[in-house]
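# Observations on chain architecture
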Amino acid sequence: MRGHGESDKPDHGYKIARLATDLHDMLTALDLEDVVLLGHSMGSSIAWCYHELFGYGRVSGLVVVDQAPCAIAKPGWTAQQIRDYGVLFPTPEGAYQLYATLTSPTAEADTPAFLRRMFTAGFDPATFDFIVGQNLKMPRQYAADLQFNHLHNDWRDAIGRIRVPTLVVGGTVSIFTAESQRWIAAQIPGATADIYEEADGGGHFMFIENPQRFNASVVKFLAG
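The rules behind the values
Residues numbered from 1 in each chain as written. Predicted model: local features only at pLDDT ≥ 70, side-chain atom pairs only at ≥ 80, totals over all residues. Heavy atoms only, no water. Helix = DSSP H or I, 4+ residues; strand = E, 2+ residues; numbered from the N terminus. Contact = heavy atoms within 4.5 Å. Pairing = 2+ DSSP bridges. Axes fitted to C-alpha atoms, helices over the stretch in contact; angles between N-to-C directions. 1 Å grid on protein atoms, 1.4 Å probe; cavity = no way out; pocket = protein on both sides within 12 Å on 5 of 7 lines; lining within 4 Å. Points joined across faces, edges and corners; volume = space filled by probe spheres on them. Buried < 20%, exposed > 50% of the residue type's maximum accessible area, 1.4 Å probe, protein only. Lys, Arg positive; Asp, Glu negative; His and termini not counted. Salt bridge = Lys/Arg side-chain N within 4 Å of Asp/Glu carboxyl O. Polar contact = N/O pair within 3.5 Å; in protein donor to acceptor, adjacent residues only side chain to side chain.

Turning next to the side chain of Ser217. Positionally, Ser217 belongs in helix H11 (residues 211-223). What Ser217 contacts, discounting residues up to four positions off in sequence, is Leu167 and Asp194.

Have a look at this one:
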C-alpha cells in the first residue's frame, strides 16, 4: 500500500477509500480474476471498502484477519455491543490521542510501545525489533492520517452484505476482542472463525507468532 514499506510515499491519499481504489486499480491493470483477498487489521477494512465501492466481481474469497467492525463506540452502546464490535475507544477522544501520539516529536521513539501490546508476552524480542523497523518505514504523519481515517469507519452494514466464502481469524489476547471476530463470521453466510488462544500466539499478529497454524488454515480455506 502507498506509504508502507518500500512502496512510494506520495503526500496524499492516506484514506481507506483511496487505498481500496488503489487495490481496484491494481486488479484492473493486471486483469486479475478469481482473487482471494487476505487483509490483516486495516487491510480487512480496505477489503470491506473495496466491496462497497466496486463489488466482488473479481474476488472469489476473503480472509479477514483481526479487524474490528467499528473501532469507536457510538453513544448508547451496551458493554456487549462494545465487545461484539471490537471497540478500541469508548469515546472519540482516544482516536484524537492516538493521532497526537503519532504526530508528536517523539513519535518514532513511542512506536515500539504502541506496537508491543499487539503481541503476546513471550514474543521474540529480535523479531519485534525487526517489525518496528518495518513499521517506521511509513512516515509518522502519513500513519497518523491513515489511522485517524481508518478508526472513524463503521463497517457493520458492509460486512452483512458479503456473499463470498470468508475465513475470519482472531485471537483471545488481541487488541480486538475474539467476540468481534465471531460476530463478523456470524454475519456472513457460510463464514468460519478461527480463534487463537494466547498459548497459540493469539495476539494481533498471530500469523507471525504461529505461522504454521495460520498458513495451514489459509491453505485449507483456499482448497475449499
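Attention shifts here to the sheet that holds strand S3 (residues 166-171). Note: strands within a sheet are paired through backbone hydrogen bonds, in either parallel or antiparallel orientation. Spatial ordering of the open sheet is given by S1-S2-S3-S4, a layout of 4 strands whose pairing is parallel. The open sheet terminates on both sides in strands that have one partner only, identified here as strand S1 (35-40) and strand S4 (192-196). For this sheet, the mean inter-axis angle between neighbouring strands, taken without regard to orientation, is 15°. Sheet topology note: the S3/S4 ladder contains 5 bridges and is parallel. Residue pairing across strands places Val169 opposite Asp194, the latter belonging to S4.

Empty space among the atoms becomes apparent when a probe as large as a water molecule is rolled across them. By volume, the largest pocket amounts to about 1100 Å³. Forming the walls of the largest pocket are 40 residues, and the residues nearest its centre are Met1, His4, His40, Ser41 and Phe205. Broken down by secondary-structure element, the contributors of at least two residues to the lining of the largest pocket are S1, helix H2 (42-54), helix H4 (93-102), helix H5 (107-116), helix H6 (125-135), helix H7 (140-151) and helix H10 (206-209). If you tally residues by element for the lining of the largest pocket, the top one is H7, at 6 residues. Size it by volume and the second largest pocket reaches roughly 150 Å³.

Here we take up the side chain of Arg140. Take Arg140: it is sitting in helix H7. Put simply, Arg140 is tucked away with no salt bridge, and the nearest opposite charge, on Glu108, sits 5.8 Å away. Polar contacts involving the side chain of Arg140 include one to the main-chain carbonyl oxygen of Met138, which spans 2.9 Å. Dropping the residues within four chain positions of it, Arg140 is found in contact with Leu102, Ala107, Glu108, Thr111 and Asn135.

Relative to the helices and strands, Pro92 is located in the loop between helix H3 (79-84) and H4. Residue Pro92 is classed as partly exposed on the basis of its relative accessible area, which comes to 38%. Expressed as a C-alpha distance, the spacing of Pro92 and Lys74, which sit 18 residues apart in the sequence, is 9.0 Å.

Fair warning: the whole summary comes from geometry, so function is off the table for now.
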